[in-house]
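# Inside the fold
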Amino acid sequence: MTTTIPSPAVPGTPVRGGRPPRTRGPGATARRSATRALPLLPAVVLLGVFLLGPVIWSFYGSLTDASLTGSAAQGASFVGFDNYLELFSDPDFPKSVLLTLVFLVASAIVGQNVLGLALALLMRSAHRVVRALVGTFVVTAWVLPEIVASFAAYAFFNDTGTLNSMLGLVGIDGPNWLFNLPMVSVILANIWRGTAFSMLVYSAALHDVPQEITESAEVDGARGWQRLVFITLPMIRRSITTNLMLTTLQTLSVFTLIFVMTGGGPGTESSTLPILAYQEAFQFSQLGFGTAIATILLVVGALFSFVYIRALRPEVD
Amino acid sequence: MGMTSPSQRVLRATSNGVLLLVLVAFALPLVWLLLASVDTSATLSVKWPEAFTLDNFTTVLTPDLAFVPLANSLVISLGCALLTVAAAVLAAYPLSRYRMRINKPFLYGVLFGTCLPVTAMMVPVYSLFVWLNLIDSVPGTILFLAASSLPMAIYMAKNFMDSVPITLEEAAWVDGASMLKTLTTIVIPLMRPGLAVVFIFVFIGAWGNFFVPFVLLLSPDRQPAAVTIFSFFGQYGSVAYGQLAAFSLLYSVPVLALYVLVSRSLGGASALAGAVKG
């Protein structure tokens, strides 16, 4: 670090050694950019080995018959697209894709977004104390470590849990939620867990909507819902897009909540793709199979990210 | 306080009513956690304890049950946060200060990394770690956690660094200070609050992570609290809900405290959400 001098960004500043800056050759320019890029190295190494590495490994591993036990555990051999062909002929896989879609749409796209927006809107006209209390509890459910939140949700939806004893108070004999309605339970739990994020994003977005515009619409005779649909929502549409993408990506990788609440069960009735990948790889020792599912998830996540990054483009450039 | 029209009063009452219902629904699972932790005969349902007692806490506050796992959590989260912040600050400096040809592709790559579904990757990560001989290794786990939180950290660090004015550094450059010296003596002290936010953000993420150590760490004496809570549930779960709740609370307190700290210092709970570019 002491032998090379990073050149100032300002042209015309004196450089030690008395060399006029203009006469340096292309070699010096290359050396200068290399020195400037040097601090990127630790990050590049970490990301390359531990983030890009698994991604490449995932694509490669999905083409082998690797397993944790048995003969294939020693040396995995290349099997081409066999894992994928097997995957598509296995009834569990299409079912899991469907469950994942249901989970994404119901808990993220509809549940968290609509509830988050509704809370953000309602809180504007609510009493200060109510607003603070709602904010605190909604955000606490989100900030709690995932394993603790998952247990709280497990206890809530359990056959002998809080939900059924509350229903019992009003004379309803509640079902065994986790066993008979596993998807409903995990969807509701994920809404409980994740709504805070959407609520915070929408609160910030609504805060930025100039009040004069809604007020002048009110003067022109626009009703409450008209102001919402024709003025407020179009003005925060960028936040809506961003938030839809982010909640979708977060929900796509929800594992712990479902794993603790139902374990993917009963059977595979609530096995979304991350759970199925885990079950195949670690419970049924089908590493190649699990890796193929992981690869598909990565590709789906990458497609979502691609759309999201295109939407964010002006901020990077 | 301006004058309120009847329609505004109706709106206000409806909002309050709906919000109170939502409040009850959101609070019940958390209230269960609190009440069960002070009730030695806790069940899975919310109920008022017959006697408030701290017995659950004293039962779990033993080296085996709580201290070793919490210490493991601390080592993993601190290691991860330190490593991430160091790598992120170093990377953010050239990205923020120089116009280099690799800036744009690098930032796009980083942005892409923030979106990667890390949970989906755990199966390939496991087999990669078997190959690298890093299974059941605490440093290995720290490295993976650091790598997976690095994209977001670089992004945040760069945004914080962009808001530090460049004029002071120009003076230092004129005086012949090296890049590393400028970074450590001028830029880092000026962006300390921002770095604290990045540090806490990464720390909270690593402390709360269950799936990564669950897959990568096998020996019970190396596992963080997140994983031991899960095994505790498997072993005694059906009898000792109170102890489970007490341990869960002990484990959650640092995260809640750090969150309050960050949101207070940045004014409003939207700090973390804002950092994600909502």
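These numbers were taken from a predicted model, which means no experiment stands behind them.

### Observations concerning the overall build of chain B
The number of helices and strands found in chain B is 13 helices and zero strands. The secondary structure elements of chain B, listed N-terminal to C-terminal, are α-α-α-α-α-α-α-α-α-α-α-α-α. Residues counted as buried form 55% of the 278 residues belonging to chain B. When the accessible surface of chain B is split by element, carbon and sulfur atoms take 68% of a total near 12,100 Å².

### Brief notes about the overall build of chain A
Secondary structure summary: chain A contains 15 helices and zero strands in total. In chain A, buried positions account for 50% of the 317 residues. Counting only carbon and sulfur atoms, one obtains 65% of the accessible surface of chain A, whose full area is about 14,900 Å².

### Brief notes about the interface of chain B and chain A
Across the contact, 90 residues belong to chain B and 96 residues belong to chain A. For the pair chain B and chain A, the number of links is zero salt bridges. Residues of the side of chain B that touches chain A, tallied by class, amount to 72 nonpolar, 14 polar and four charged.

### Some thoughts on the pattern of salt bridges
Residues and elements named next belong to chain B. Counted according to the given criterion, the structure contains five salt bridges over all chains. Across the pair E169 and R97 runs a salt bridge whose closest N-O atoms are separated by 2.7 Å. Pair noted here: E169 is in helix α7 (residues 167–174) and R97 is in helix α3 (residues 63–97), with a separation of 72 residues, a long-range link. Of the two residues, E169 and R97, neither departs from the other in class, the shared state being buried. Between K158 and D162 there is a salt bridge, and its shortest N-O distance comes to 2.8 Å. Remark: D162 and K158 occur in helix α6 (residues 138–162); sequence separation between them is four residues, near one turn of the helix.

### Some remarks on the packing of helix α5 (residues 128–143) of chain A against helix α12 (residues 241–265) of chain B
Across the interface, α5 of chain A lies against α12 of chain B with an axial gap of 10 Å and an inter-helix angle of 125°. The orientation of α5 of chain A relative to α12 of chain B falls into the category oblique. For the element pair α5 of chain A and α12 of chain B, the recorded crossing hand is right-handed. Across from V139, T140, W142 and V143 of chain A in α5 of chain A, the residues of α12 of chain B making contact are V255, L256 and Y259 of chain B. Residues of the contact of α5 of chain A with α12 of chain B, tallied by class, amount to six nonpolar, one polar and no charged.

### What to know about the confidence of the model for chain A
Taken over all residues, the pLDDT of chain A has a mean of 83, while the share at 70 or more is 87%. Across residues 1–23 of chain A, where pLDDT falls below 50, the model places 25 contacts with residues more than four positions away in sequence or in other chains.

### Details of the side chain of S270 of chain A
Residues and elements named next belong to chain A. Among the secondary structure elements, S270 is positioned in the loop between α13 (256–261) and α14 (273–283). A relative accessible area of 0% places S270 in the buried class. Side chain to side chain, S270 and T262 meet in a polar contact 2.7 Å long. Contact partners of S270, with chain neighbours within four places excluded, come to L99, P182, M183, I258, T262, G264 and G265.

### Comments concerning the nonpolar core
Core analysis: the largest hydrophobic core is formed by 157 residues, its most contacted members being I147 and M261 of chain A together with F144, I154 and Y251 of chain B. Of all the elements, α6 of chain B adds the most residues to this core, at 14 residues. When residues no more than four places from it in sequence are discounted, the contact partners of I147 of chain A are T256 and V260 of chain A together with F210, A226, I229, F230 and Y251 of chain B. Formed by 18 residues, the second largest nonpolar core is a distinct cluster that contains L104, L252, L287 and L297 of chain A.

### Remarks on the side chain of T214 of chain A
Residue and element names in this part refer to chain A. Here T214 shows up in helix α10 (residues 211–219). Given a relative accessible area of 15%, T214 falls into the buried group. Contacts of T214, omitting those with residues within four sequence positions, involve R227, I231 and T232.

### Regarding the packing of aromatic side chains
Enumeration over the complete set of coordinates arrives at 32 aromatic pairs over all chains. Where F156 of chain A meets F157 of chain A, the ring centres are 5.2 Å apart and the plane angle is 85°; that geometry is what we call edge-to-face. When its relative accessible area of 12% is taken as the criterion, F156 of chain A is described as buried. Ring geometry for W48 of chain B against F52 of chain B: centres 5.6 Å apart, planes inclined by 80°, an arrangement best described as edge-to-face. Taking relative accessible area as the criterion, W48 of chain B reaches 63% and is therefore assigned exposed. Aromatic ring contacts, followed pair by pair, group F255, F259, Y278 and F282 of chain A together with Y126, F210, F211, F214 and F230 of chain B into a single cluster.

### A short note on helix α3 (residues 82–89) of chain A
All names here are of chain A. Burial in α3 covers these residues: N83, Y84 and L87. Here the buried residues of α3 occupy an arc of 95° about the axis, which is enough to place them on one side. Within α3, the exposed residues directed more than 90 degrees away from the buried face are L85 and S89.

### Considering the packing of helix α4 (residues 103–115) of chain B against α6 of chain B
All names here are of chain B. Closest axis-to-axis distance for the α4/α6 pair is 8 Å, and the angle between their directions is 125°. As summarised for this structure, α4 and α6 are arranged oblique, according to the angle between their axes. The chirality of how α4 crosses α6 is left-handed. On the side of α4, the interface is formed by F106, L107, V110, L111, G113 and T114, while α6 contributes P151, M152, I154, Y155 and K158. Along the lines of polarity and charge, the residues of the contact of α4 with α6 split into eight nonpolar, two polar and one charged.

### Focus on the environment of G288 of chain A
All names here are of chain A. For G288, the position within the fold is in helix α15 (residues 287–316). Residue classification places G288 among the buried residues on the basis of a relative accessible area of 2%. A C-alpha to C-alpha distance of 9.4 Å links G288 and Y84, two positions 204 residues apart in sequence.

### Details of helix α12 (residues 237–252) of chain A
Between the first and last C-alpha of α12 of chain A there are 22 Å, a value that for 16 residues agrees with the 22 Å anticipated at 1.5 Å per step. Those residues of α12 of chain A lying buried are S239, T242, N243, M245, L246, T247, T248, L249, T251 and L252 of chain A.

### Overview of the confidence of the model for chain B
Residues and elements named next belong to chain B. Summarising the model, chain B shows a mean pLDDT of 86, and 92% of its residues fall at 70 or more. Ranking the helices and strands of chain B by mean pLDDT puts helix α10 (residues 211–216) first, with 95, and helix α13 (residues 270–275) last, with 45. Below a pLDDT of 50 lies the segment residues 268–278, which in the model reaches 26 contacts outside its immediate sequence neighbourhood of four places, other chains included.

What counts, and at which threshold
- Residues numbered from 1 in each chain as written.
- Chains lettered and ligands numbered in written order.
- Predicted model: local features only at pLDDT ≥ 70, side-chain atom pairs only at ≥ 80, totals over all residues.
- Heavy atoms only, no water.
- Helix = DSSP H or I, 4+ residues; strand = E, 2+ residues; numbered from the N terminus.
- Buried < 20%, exposed > 50% of the residue type's maximum accessible area, 1.4 Å probe, protein only.
- Areas by Shrake-Rupley, 256 points an atom, 1.4 Å probe, with all protein chains shown as cover.
- Contact = heavy atoms within 4.5 Å.
- Salt bridge = Lys/Arg side-chain N within 4 Å of Asp/Glu carboxyl O.
- Nonpolar A, V, L, I, M, F, W, Y, C, P; charged D, E, K, R; others polar.
- Axes fitted to C-alpha atoms, helices over the stretch in contact; angles between N-to-C directions.
- Parallel < 35°, antiparallel > 145°, perpendicular 65-115°, else oblique.
- Left-handed = near helix turned anticlockwise from the far one by under 90°.
- pLDDT = per-residue confidence, 0-100.
- Polar contact = N/O pair within 3.5 Å; in protein donor to acceptor, adjacent residues only side chain to side chain.
- Core = buried A, V, L, I, M, F, W, Y, C linked by side-chain atoms within 4.5 Å.
- Phe/Tyr/Trp six-rings, centres within 6.5 Å; stacked < 30°, edge-to-face > 60°.
- Arc of directions from axis to C-beta.
- Expected span 1.5 Å × (residues − 1).

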